[in-house]
Amino acid sequence: MYKQYLKQSLQMLKQNKFFSIISIVGTALTIAFVMVIYMVYDIRTDNVSLENNRDRMVYSGDGYSYLTKDHSSCNSGMSLKAAKAVFGSLPHAELVAYEKESFVAYTGSSQENGMKRKVKQVDTATWKLFHYQFIAGCPFNDEEFSAFRKVAVITESVAKQTFYTTDVVGKDILVNFQPYRIVGVIKDISSLFDAAFSEVWIPYDLNAPDWRTNEQMYGVYKAIVLAKSPSDVDVVKKEIANNVRKLNKTLVEHTFEMQKTYTQVEHSFLKDSDLNPMWIFFGLALVLLIVPAINISGLLSSQMNKRLSEIGVRKAYGAHKYQVLTQLMTENFILALIGGIIGFIFSCVTLYIFKVWLLAGDTALHAAQNFDISIFLFLRPSVFAGVFLACLLFNLLSVFIPAYQATKKNIIDALKGE
Amino acid sequence: MIKSILKRIWVQRRGNTWIFSELLIVFVLLWYATDFLFVYAKSAFEPKGYNTEHVYHIAISANPNLIPKTSNEDSLNTLWVKPYNELIRRIKSYPGVEAVCYYFGTESYSEGTMFQCYVSKDTAHVVQANIFYVSPDYYNVFKIDMVKGRFTNWNMNEQPQPAVLTTDFADSLFRGKSEIGNSFSDYYESGKHYKVVGIAQKSKQDEYNRYDKFIYVPIEEYMIQANIPSTAVRVRAEEDHHFAETFMNKMRKRLQVGPYYLFNIESYDESKQIYDASKGTSNYIKSGSALILFFIINIFLGVIGTFWFRTQSRSSEIGLRMALGSSKRELRRLMISEGIILLNLAAIPAIIICINIGHADFTFNKLMDFTVLRFFICTLITYVLMIVMVVLGIWYPSKVASNILPVDALRNE
């Protein structure tokens, strides 16, 4: 029976070349657009190798403090003291990593041999948060961190470009003209990973006194919280808000605000606005599917008129309304599938060529290199599932109404060729 | 003729529902995307109030091992301020450099803003403005658009200090009576008085932003003692080829003066690219354009497909018309008119929907308010795009239709 459907569909294709071409082009274009949108969303928000805990992460906002009585002395930024008060005790968090403001520093082996590199100032929790791969040495440990030893972890490229080898553990590297002992070398990170990306990691000073501004609330720290499970993310956000309230009770003349905390999705898209990016993507995909679906429905509708007599004959021979409907839908599904596959290939090519502006976050733009995408990012099962689903949805949308209308017709009218 | 077309459209309303609804939906979506891009385009064309073409931002850093650890004013002068001035002198003498300046303030294409509050004679009326503390040559580097006056007597020691205000700031501070020579004061620091020496055109921090109030005042020596100012150079247009790389290579050693060294040099165009991308602006613009392309291709496909089938199913009617004397040209015009009238019919409810969208504040209003002119221009652009697509889409089927031989057509019936 299915072989017959296939034969019939192919016959139909050949007979109606014009219609088939328009149908396939329309489907391919649509599926390409929808897939690009899906892949952009997926690659930046799904758990992917290095950042494989994205669905449990909560990122801190900037933190904001001011003098309560007249709102003067406004400063954007959070000190370590404030950060620990707000993010320190969260019952539903597995761990919290604090990070001092990252900067770009002149890094190298001497005044002449060096270049600007991104440097992150982190604590030991960061090594548990992100899945870095060490090719030499190991991360700095708690003892080295709390003693604020001048140790550093660097990437493979930094090692090779500065020392021409990756066997550099124990050597000194100058970060902003200060010597740091290298304790570990990490495999290069694609700047696709916004949060994890860096070229050099050094410890921040746990015991450094905070600026006195705004009752020591002002500073340059960020926090990333790992919730115990994906469903705990909202609970963690509420706990954070609670802690902010408690912190304000201890402040005398100032107020501290943490207006926003971000999940991975919110952090990747539309950070500056209040719109939920997931709904925007969903709405966009729907719009992109509906418009061409109407197109194809219209074409199909006209085409159905030609096939009315055929449908009438089928029904006269006992085919139930739903059998005919299924057959029509299967035929068009095959067309949609062909268009879908072409569209998918087209979308992969587009994504690869335009990878920077589609996938890049802030870090990719500053990092001159390191924006490789592994081909396996495209060939994940979730992507295949996405294509199939898109084709199915598209087929349903475009075929259903015309096919249903056609099969509803009275047998006699259909045979008459009305 | 219009009446007969309308009649036919009504008679065939079943078949026309699809193309009608598609035209309507796409009109609204296309209008939204066009409106979105229009706002960006308009912002990009509005002048910034200053010029950053051929201007480079030079980042000077200090070697932390060589920073003088003294608060003695004389030592700071010798070890910190004097080397910086020498640096500026060396940059100025580099071939191709037209002007050099240094400043603190609300940097273009960055997130940081510095602002202060000011009052005029009426101390209850406080106005906030973004501030720039600039060296005298700032005007020559950034070519500020002036309305009145100039950066005269640009010295921090003048009392009251000279200041240049943008028109909107001046109008707000002096309630419309802004003149050269007006005096005003700092709100938070009593004892700090200023005199207006120039009024500049409206300014904004970057293209995709609203105009904001700005004030320029002379840079003060104590600021340089505490921090490294931002440095900018204007390069002569003829010499602006690979300027950044050559400058970096040649000046790296020469700019190691005192504790300072050359960290980076970047053109403002490059900064703009990075900034726009980080804000997502370039993304939005490209996405909007891609969507517009998507919609018009779909309209094209839909129209061409629909009218192709019409040609086939109406071949007998066409044959009859031709037998009764219609020319090929008339037949083509008939088909195209039918398409255009369908579009017009769909445009009416579509425009009503668009008006409602604008009213309900769903449009992109961050950079520009939703005005009647904006609505009119965007609707016009959308309508023209759609008409072009409809006509193009019908053109080929209508050509085929007009080439039908009446004999064949009538025989088919």
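About the criteria used
- Residues numbered from 1 in each chain as written.
- Chains lettered and ligands numbered in written order.
- Predicted model: local features only at pLDDT ≥ 70, side-chain atom pairs only at ≥ 80, totals over all residues.
- Heavy atoms only, no water.
- Core = buried A, V, L, I, M, F, W, Y, C linked by side-chain atoms within 4.5 Å.
- Buried < 20%, exposed > 50% of the residue type's maximum accessible area, 1.4 Å probe, protein only.
- Helix = DSSP H or I, 4+ residues; strand = E, 2+ residues; numbered from the N terminus.
- Contact = heavy atoms within 4.5 Å.
- Pairing = 2+ DSSP bridges.
- Axes fitted to C-alpha atoms, helices over the stretch in contact; angles between N-to-C directions.
- Parallel < 35°, antiparallel > 145°, perpendicular 65-115°, else oblique.
- Left-handed = near helix turned anticlockwise from the far one by under 90°.
- Nonpolar A, V, L, I, M, F, W, Y, C, P; charged D, E, K, R; others polar.
- Salt bridge = Lys/Arg side-chain N within 4 Å of Asp/Glu carboxyl O.
- Polar contact = N/O pair within 3.5 Å; in protein donor to acceptor, adjacent residues only side chain to side chain.

Caption draft 1: Just the nonpolar core, in detail. All names here are of chain B. Within the largest apolar cluster, 96 residues are counted, with the highest numbers of intra-cluster contacts made by L23 and M386. Ranked by residue count, the leading element in this core is helix α2 (residues 13-45), at 14 residues. Among all residues touching L23, those that are not within four sequence positions of it are I299, L342, L343, A346, M386 and V390.

Caption draft 2: Main features of the sheet that holds strand β12 (residues 254-257) of chain A. All names here are of chain A. Pairing within the open sheet is antiparallel, and its 3 strands lie in the order β3-β2-β12. For this open sheet the edge positions go to β3 (75-76) and β12, each flanked by a neighbour on one side alone. Taken together, the 2 bridges between strand β2 (residues 64-67) and β3 define a ladder with antiparallel strand orientation. For S65, the partnering residue across the bridge sits in β3 and is N75.

Caption draft 3: Expanded view of the packing of helix α2 (residues 17-45) of chain A against helix α14 (residues 381-408) of chain A. All names here are of chain A. For the pair α2 and α14, the least separation of the axes is 10 Å and the interaxial angle reads 140°. Between α2 and α14, the crossing angle belongs to the class labelled oblique. As α2 packs across α14, the resulting crossing turns out to be right-handed. Residues T27, T30, I31, V34, M35, Y38, M39 and D42 of α2 pack against S382, V383, G386, V387, A390, C391 and F394 of α14. Broken down by class, the residue content of the contact of α2 with α14 amounts to 10 nonpolar, 4 polar and 1 charged.

Caption draft 4: Quick look at the interface of chain A and chain B. In this complex, chain A contributes 42 residues to the contact, which on the side of chain B involves 40 residues. Remark: the boundary between chain A and chain B carries 0 salt bridges. On inspection of chain A and its partner chain B, the count reaches 6 residue pairs in polar contact (both at pLDDT 80 or more). Contributions of two or more residues to the side of chain A that touches chain B are made by α2, β4 (93-108), β5 (114-122), α10 (277-316), α13 (362-366) and α14 of chain A. Partitioning the side of chain A that touches chain B into residue classes produces 22 nonpolar, 15 polar and 5 charged.

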